[in-house]
Amino acid sequence: MPTAKEVKDDEIVRKAPLFSALDDESAASLRASMIPVKVSKGNTLFKEGDAGDRLFVVIDGKIKLGASSGDGRENLLSILGPSEMFGELSLFDPGPRTATATAVTDCRLLSLAYDQVVGLITAHPRVGLQLLGRLAQRLRRSNEGLSDLVFSDVPGRVAKAIMDLGTQFGVEKDDGYHVNHDLTQEELAQRVGASRETVNKALADFAGRGWVRLEPRAVVVLDIERLSKRGR
Ligand code: CMP
């Protein structure tokens, strides 16, 4: 009899793009062939520029993907949570890792070697379609991010980042929409491409207007409508 934790883990895994096109039997055999990996908070799984030979699915926790400029500045490309996948670019476009993957919280992951991914796509072409869908979604988001950098001001980008993090990690509660992003203000600033001071100012302004309540590594959204409008 599986434990409650195993059942929950299974639900999370089944939602990952690698698994969602598979029947139960193929999904179970894929899962059995994947290797569990644990990464403690603050530790780096791989670095931008490393050689890659496997991709990862998040079961529990949050992973940040960051790229750095030559002078040491960081750009936070994405934060990933349960069911999300990363590390596939070096398979489809062979070359070094395009970002550094670091655990924002303690993480449990599953890893799959690239030759197994190729075998899986060959045996189940719909898995390939799912992965293409995920890549297209990522490109769409990257394009949006580029437009925001050009067309939106910093408060607009902060509002949008909070709402986006809410879509991934938000929980509706009686006192508001809790977005437990687990990021420092520095990391939030790296996510929106602005200085920590400007991001601080934008957050304090939102709090002053009663749109959000600030908590350590979390934002409670009190007025979703106004904040979403500011991020549009
Ligand atoms: P890979 O290049 O193998 O290792 C780093 C991973 O970060 C990459 O595969 C993608 O899975 C992920 N990644 C890179 N750029 C982005 C991005 N702009 N948005 C989301 N994920 C990304």
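In the block above lies the structure referred to throughout.
In this text, all values refer to a predicted model and were calculated from it rather than measured experimentally.

(A) Looking closely at the packing of aromatic side chains. All chains considered together, the criterion is met by four aromatic pairs. Relative to Phe56, the ring of Phe46 lies with its centre 6.0 Å away and its plane at 35°, an arrangement referred to as tilted. Here the residue Phe46 occupies a position in strand E2 (residues 44-46), and Phe56 occupies one in strand E3 (residues 54-60), the gap between them amounting to 10 residues. Each member of the pair, Phe46 as well as Phe56, carries the same accessibility label: buried. A centroid spacing of 5.5 Å and a plane angle of 25° characterise the contact between Phe206 and Trp211, whose relative ring orientation is stacked. In this structure an aromatic cluster arises from ring pairing among Phe46, Phe56 and Phe86. A cation over an aromatic ring shows up here: Lys62 above the ring of Phe169, its NZ or CZ 4.6 Å from the ring centre. Over the ring of Phe46 we find Arg97; its NZ or CZ atom is 4.0 Å from the centre of that ring.

(B) Highlighting the site of the ligand. Every one of the 15 residues lining the ligand counts as a neighbour, but Gly87, Glu88, Ser90, Arg97 and Thr98 are closest to it. In this structure, an oxygen atom belonging to the ligand sits 2.6 Å away from a side-chain N or O atom of Ser90. Note that an oxygen atom of the ligand is positioned 2.8 Å from one of the side-chain N or O atoms of Arg97. Its free accessible area being 460 Å², the ligand has 92% of it covered by the protein chains. Only strand E5 (74-80), helix H3 (89-92) and helix H5 (125-151) provide two or more residues apiece to the shell around the ligand. For the shell around the ligand, the per-class residue count stands at seven nonpolar, five polar and three charged.

The rules behind the values
- Residues numbered from 1 in each chain as written.
- Predicted model: local features only at pLDDT ≥ 70, side-chain atom pairs only at ≥ 80, totals over all residues.
- Heavy atoms only, no water.
- Phe/Tyr/Trp six-rings, centres within 6.5 Å; stacked < 30°, edge-to-face > 60°.
- Helix = DSSP H or I, 4+ residues; strand = E, 2+ residues; numbered from the N terminus.
- Buried < 20%, exposed > 50% of the residue type's maximum accessible area, 1.4 Å probe, protein only.
- Lys NZ or Arg CZ within 6 Å of the ring centre and 35° of its normal.
- Near = heavy atom within 4 Å.
- Polar contact = N/O pair within 3.5 Å; in protein donor to acceptor, adjacent residues only side chain to side chain.
- Areas by Shrake-Rupley, 256 points an atom, 1.4 Å probe, with all protein chains shown as cover.
- Nonpolar A, V, L, I, M, F, W, Y, C, P; charged D, E, K, R; others polar.

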